Amino acid sequence: MKNIGRICLLFFLLSCCVKCWAEPSYQEKPLSVWLENYGASPRNYKPSPEADEALRHIGPEAVPYLLELLRKTNTPAVDEELRQIGAGVLTGTNSSNFTPASWFHWKAYLSFQALGPAGKSAIPDLERLAHDDPNGTSFYPNIYGMKHIAWVAASANNSSSYVAPGDGPFFDDGTATRNTNHVFFGDRLMRDTKPFLVDGEIAAWSLAAIGADAVPSLMELLNDPSPHLRQRAVEALGLVGAAAEPAVPAIIKNLEGSDFEVRQRAADALGCIGRQPELAIPALTTALKDSDVGVQIYAAQSLGSFQESATNAIPALLANFAASDYRTKQSAASALSKISRETTVKEVIPVLLRDLKDSRSNFRNTALITLSQMHDEPDLVIPALIDALDDSDEMVRYNAVHSLGSFGSQAKAAVSKLINLTVRTQQIHEEAIRALGKIDPTVQIGN
């Protein structure tokens, strides 16, 4: 019996030691303390180069701890409280204080982004987690947005997945503004209940951060029967970028599939990867005729990223530029400006300049936004933008101001008119000041 007691005591001591050693540290601070630098939740996220550096120093030793964070789940009591918060029964003032599991998942996501390739030992676990929520819906409109963690944080902050007492869903602190991400009930503001960053998305994007070593796992996910998981895989491969080149043929196959959301992400991803133009460009050119406008737009954007290599797509892009849908027109014009300067000067800018004089403001605004991307042709574009500053439509004037700012110092001829616009409406006033700051920071603006 004494021996059994000693053995039990030994196991207890060993378990305590393992627990103490489980969390790695850097500069005598445990990893959990470093992660606090990112903020408690998406709502108060802030970049932390110090935490990023700590994670890179800790390296692969951080992986077991991060996987532990990803495996955290809410207790039944927490789930019930979150349900009541979402229903408006409880608010931050009358509910208990707890940390939802999603906040731990959020910190794991941030950590894998900082770790990058050093997190490759997590690939088998992340691959399994990436299959979570096969019937979900994606939140993001494009892969480019997913590359910006601050934007991800702002979007996650509007999701019920990341709500906790004191942080939502109801708040009225004077800073909330009416927008499409929120729903109002009387004078209270409730967060959008759209799911966001489920564990599967975090896992897939963490695989993307690891890079080339994770591409085979993402390609495996690309073969899943669930359209949502295939979409998730395509997004992640697009995030990987050039190192995802082996996946190009499989992505093209999904570009030709039946699910329009998968096709949209596939068209987007091919441009983000930017490899195998001999395969990607013909597939994207065909996609310009897709029945879904979103696919057409992403296909045009991706063709633009191939620049001069995509000259064979010019006739198809010109056909889209002639289309009545302003989104298709704009994306085709932008792509053509990157592929062929000659075509842009001869066949794109003249049409946009005519649209700029059209009596319909939506035509003028679309032309302005598109012309703002033609930075290689300032002599043709800037005079037209300056003329648009005198338009009777306030939105046209606003877009003209914004477009001129995008040309920077090349638009100095607009300075005097922009100074005059600083006394207009508050919206134009602020945009004019921003534009002047880009064009000529030395300009003094009176109070």
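Residues numbered from 1 in each chain as written. Predicted model: local features only at pLDDT ≥ 70, side-chain atom pairs only at ≥ 80, totals over all residues. Heavy atoms only, no water.

*Asks:* Even after reading the chapter, I still don't get the overall build of the chain, so can you show me in this structure?
*Replies:* If you tally the helices and strands in the chain, you get 24 helices and 4 strands. Within the chain, buried positions represent 51% of all 447 residues. At a minimum sequence separation of 6, the contacts of the chain that also span at least 24 residues come to 68%. (Helix = DSSP H or I, 4+ residues; strand = E, 2+ residues; numbered from the N terminus. Buried < 20%, exposed > 50% of the residue type's maximum accessible area, 1.4 Å probe, protein only. Contact = heavy atoms within 4.5 Å.)

*Asks:* When you look at the packing of aromatic side chains in this model, what are you seeing that I'm missing?
*Replies:* Here the distance between the centres and the angle between the planes together describe a pair of aromatic rings. A complete count under the given rule lists 5 aromatic pairs for this structure. Seen in terms of ring centroids, Trp 106 and Tyr 109 are 5.5 Å apart; in terms of plane orientation they differ by 35°. Their pairing is tilted. Separated by 3 residues within a single helix, Trp 106 and Tyr 109 lie in helix α6 (residues 101-115), roughly one turn from each other. This pair shows no difference in class: Trp 106 is buried, exactly as Tyr 109 is. The aromatic ring of Trp 34 is capped on one face by Lys 29, whose charged end is 4.6 Å from the ring centroid. The aromatic ring of Phe 321 is capped on one face by Lys 329, whose charged end is 4.7 Å from the ring centroid. (Phe/Tyr/Trp six-rings, centres within 6.5 Å; stacked < 30°, edge-to-face > 60°. Lys NZ or Arg CZ within 6 Å of the ring centre and 35° of its normal.)

*Asks:* What am I meant to see in the packing of helix α18 (residues 326-339) against helix α20 (residues 361-371) here?
*Replies:* At a minimum axis distance of 10 Å, the contact between α18 and α20 shows a crossing angle of 20°. Between α18 and α20, the angle falls in the class roughly parallel. Remark: the crossing between α18 and α20 carries right-handed chirality. Note on element contacts: α20 touches α18 through Thr 366, Ile 369 and Thr 370, opposite Tyr 326, Gln 330 and Ala 333. Residue composition of the contact of α18 with α20, grouped by class: 3 nonpolar, 3 polar and no charged. (Axes fitted to C-alpha atoms, helices over the stretch in contact; angles between N-to-C directions. Parallel < 35°, antiparallel > 145°, perpendicular 65-115°, else oblique. Left-handed = near helix turned anticlockwise from the far one by under 90°. Nonpolar A, V, L, I, M, F, W, Y, C, P; charged D, E, K, R; others polar.)

*Asks:* I keep staring at the environment of Ile 202 and nothing clicks. Help me out?
*Replies:* By secondary structure assignment, the location of Ile 202 is in helix α10 (residues 199-210). In this structure Ile 202 comes out as buried when scored by relative accessible area, which is 0%.

*Asks:* Is there a simple way to explain the pattern of salt bridges in this structure?
*Replies:* Any two side chains of opposite charge can pair, so long as their charged atoms come close to each other. Within the structure shown, the criterion is met by 12 salt bridges. Among the salt bridges present, the one from Arg 56 reaches Glu 53, with a minimum N-O distance of 3.6 Å. Pair noted here: Arg 56 and Glu 53 are both in helix α3 (residues 49-58), with a separation of 3 residues, about one helical turn. Overall, the relative accessible area of 45% leaves Arg 56 in the partly exposed class. On the basis of relative accessible area, Glu 53 is assigned to the partly exposed category, the value being 35%. (Salt bridge = Lys/Arg side-chain N within 4 Å of Asp/Glu carboxyl O.)

*Asks:* Looking at this model, I keep getting lost on the nonpolar core. Mind explaining?
*Replies:* If you look at soluble globular proteins, the nonpolar side chains tend to sit buried side by side. Counting residues in each nonpolar core, the largest one holds 121 residues, and the members touching the most others are Leu 126, Ile 251, Leu 255, Leu 303, Leu 317, Leu 404 and Leu 418. In terms of residues, this core owes the most to one element, α6, which gives 8 residues. Not counting the four nearest positions on each side in its chain, Leu 303 is found in contact with Ile 281, Leu 284, Thr 285, Leu 288, Ala 310, Ala 313, Leu 317 and Ile 339. (Core = buried A, V, L, I, M, F, W, Y, C linked by side-chain atoms within 4.5 Å.)

*Asks:* Looking at this structure, I do not really get the side chain of Arg 364. What am I missing?
*Replies:* With respect to the element layout, Arg 364 can be found in helix α20. If sequence neighbours within four positions are ignored, Arg 364 has contacts with Asp 355, Leu 356, Asp 358, Ser 359, Asp 391, Asp 393 and Val 396.

*Asks:* How do you make sense of α18 when you look at a structure like this?
*Replies:* Given 3.6 residues to a turn, an α-helix orients residues that are three or four positions apart in the same direction. Between its terminal C-alpha atoms α18 stretches 20 Å, which fits the 20 Å expected from 14 residues at 1.5 Å a residue. The element α18 is extensively covered by neighbouring structure, given that 11 of its 14 residues are classed as buried. Inspection of α18 places Thr 328, Lys 329, Gln 330, Ser 331, Ala 332, Ala 333, Ser 334, Ala 335, Leu 336, Ser 337 and Ile 339 among the buried residues, and these make up the whole buried set. (Expected span 1.5 Å × (residues − 1).)

*Asks:* Whenever I open this one, the confidence of the model for the chain confuses me. Can you help?
*Replies:* Note: predicted coordinates in regions of low pLDDT should not be interpreted at a detailed level. Averaged over all residues, the pLDDT of the chain is 85; the fraction at 70 or higher stands at 83%. Of all the helices and strands in the chain, strand β3 (residues 182-185) carries the lowest mean pLDDT, 36, while helix α15 (residues 277-287) carries the highest, 98. Taken as a whole, residues 16-21 scores under 50 in pLDDT and shows 0 contacts with residues more than four places along the chain or in a different chain. Low confidence marks residues 168-191, where pLDDT is under 50. Its contacts with residues over four positions away, or in another chain, come to 46 contacts. (pLDDT = per-residue confidence, 0-100.)

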